[in-house]
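A structural walkthrough
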Amino acid sequence: MLANRHATGARHSLFWHAAALLLTTVPPAMAQADPVAADGAIERLKPGEFLWAPNIAPEGPVTLIVSLKAQRAFVYRNGLPIGVSTVSSGRPGHDTPTGIFTILQKDPDHKSNLYADAPMPFMQRLTWGGIALHAGNLPGYPASHGCVRLPLAFAKLLYQVTKLGLTVIITDDAVAPEVSAAPVALAAAEDGHSSPEKYVWRPDRSPGGPVSIVVSGKDKRILVLRNGIEIGSADIGIDGPIETTEAFTLGASTDGEVHWLRLALPGHIPGAIAEMTRGERARAHLPDGLREQILGVLRPGTTLLVTRDSLRSSGTGRTLTVIVTDAR
C-alpha cells in the first residue's frame, strides 16, 4: 500500500511538471522553464491558456472537475490529471450551477437555441436547460450566460477524450489528493453503530453506463446514478459533519486491491498522499443490502462526490445540483 501511495503521488507531481513542458498555448518562456520551477504554472495561466499532457495516462476513464473559484477546468484520466485549462463560467445573475452532471449530448458545431444562434464549438451539454461546456471568449472572469467556456483548442482536445455519460463535477470547493482503500461513504458499519434499513435500488432504470455516487452531509443521504439516471438511494448515518466537498474516482492498483483516488487541484498537493484512516472510513453507515448492491456495480472510473451541500431544493444552505437525465 505504501509503495502504491508513493507511486501515485509521484505521478501527480510528474503531471504538473511535465504539463508545464508539454503545454500548448502558454508562452514559450514558460514552456522552456525548468520543471522544478514550474510548480506555479497552473496559477500563472492567463485567460485562454491551458496545459495538456495526455501521455501521463494514455488510457482509462475520464472525469472533469470545474472549479468556479479558480476559474479552471481539470481533466483526469484513470485518476491522474492530464490537463488543466482556464475557463469563463456564468456571470452574476447567470451563475453556473454547482453539482454533479453527466454529458448528455455532444455537437462539434452547435448553435445556441437561446441566444440568437450564437456559435458554441465543441459543445458538450450538461443540462437540457442550457448549461454546457463549449469553446468561447475568455476575458479572465465569469462572463457567460451559465455555460463553461473553454479555449477553442482545449475544447477540441477535451471533446476527443470524452463520451456521453461522462461525469462532470462543478464545485466552489478545492479538493486535495488522497488514496483510500475505501471512502467514508462506502465503509461497513462498525460494531455499536446502527445503519438505516430502507433503501431504493432500481438498476433497471438504467441498465448500463458510467456510475456516479453522491453523498450529502447535510441531508445524510446517498444517491447512485448510472448514465446520469438515479438507480439507488437511501438515508444514511454519518458521524460528525461533512465540512468540505471532495471528489474521488475508483481505480484498481497493481496489488489487486481497489483504491479510491481523491482528485487533486493544484496548490493543494502535499508531499505525500496519505491513506484514509479506519476511523474516517467508518464515519458513514449504509444499509447492508444497498452497500452490497453498490459493490456489484462499481467499476474503475466510478466517481464519488462527498459534499457538505444539500441535494434538496428546499431548506436553508447551498443546494447541490444532481442532474437526472430525461430521454430525448
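As shown above, the structure is provided for reference.
So, a few notes on the structure that sits alongside this text. No experiment lies behind these values; they were computed from the predicted model shown.

Turning our eyes to something else, we now look at the overall build of the chain. What the chain contains, in helices and strands, is six helices and 21 strands. Accessible surface computed for the chain: about 14,300 Å², of which carbon and sulfur atoms make up 52%.

Each pocket or cavity is described by its volume, and for the second largest pocket that value is around 290 Å³. Every residue lining the second largest pocket is counted, 19 residues in all, and those nearest its centre are Pro-61, Lys-163, Pro-210, Pro-300 and Gly-301. Its residues assigned to classes, the lining of the second largest pocket comprises nine nonpolar, seven polar and three charged.

With respect to the secondary-structure elements, Glu-49 resides in the loop between helix H3 (41–44) and strand E1 (50–52). Buried charge without a partner: Glu-49 forms no salt bridge, and the closest opposite charge is Lys-46, 5.4 Å away. For Glu-49, the side chain forms a polar contact with the main-chain nitrogen of Lys-46, separated by 2.7 Å.

This part is about helix H4 (residues 152–161). Phe-154, Ala-155, Leu-158 and Tyr-159 are the residues of H4 that are buried. The arc enclosing the buried residues of H4, seen along the axis, measures out at 140 degrees, which places them on a common side.

This paragraph deals with the environment of Gly-48. Tracing the sequence through the fold places Gly-48 in the loop between H3 and E1. The class of Gly-48 is partly exposed, set by a relative accessible area of 27%. Note: C-alpha distance between Gly-48 and Pro-151 (103 residues apart in sequence) is 5.1 Å.

Let us now look at the pairing of strand E13 (residues 211–216). Along E13, six of the six residues are buried, which leaves the element largely enclosed by surrounding structure. Where burial is concerned, the two faces of E13 agree: the one with Val-211, Ile-213 and Val-215 and the one with Ser-212, Val-214 and Ser-216 are both buried. Summarising the sheet, E13 and strand E14 (residues 221–226) pair through six bridges and their orientation is antiparallel. Looking at the pairing, Ile-213 lines up with Val-224 of E14. In sequence, E13 turns back onto E14 through a hairpin of four residues, with Lys-220 there showing a positive phi of about 55 degrees. Both E13 and strand E20 (residues 303–307) contribute to a ladder of five bridges, which runs parallel. Within E20, the position partnered with Val-214 by the bridge is Leu-305.

Here is what the cut-offs are and how they apply
Residues numbered from 1 in each chain as written. Predicted model: local features only at pLDDT ≥ 70, side-chain atom pairs only at ≥ 80, totals over all residues. Heavy atoms only, no water. Helix = DSSP H or I, 4+ residues; strand = E, 2+ residues; numbered from the N terminus. Areas by Shrake-Rupley, 256 points an atom, 1.4 Å probe, with all protein chains shown as cover. 1 Å grid on protein atoms, 1.4 Å probe; cavity = no way out; pocket = protein on both sides within 12 Å on 5 of 7 lines; lining within 4 Å. Points joined across faces, edges and corners; volume = space filled by probe spheres on them. Nonpolar A, V, L, I, M, F, W, Y, C, P; charged D, E, K, R; others polar. Buried < 20%, exposed > 50% of the residue type's maximum accessible area, 1.4 Å probe, protein only. Lys, Arg positive; Asp, Glu negative; His and termini not counted. Salt bridge = Lys/Arg side-chain N within 4 Å of Asp/Glu carboxyl O. Polar contact = N/O pair within 3.5 Å; in protein donor to acceptor, adjacent residues only side chain to side chain. Arc of directions from axis to C-beta. Pairing = 2+ DSSP bridges.

Fair warning: the whole summary comes from geometry, so function is off the table for now.
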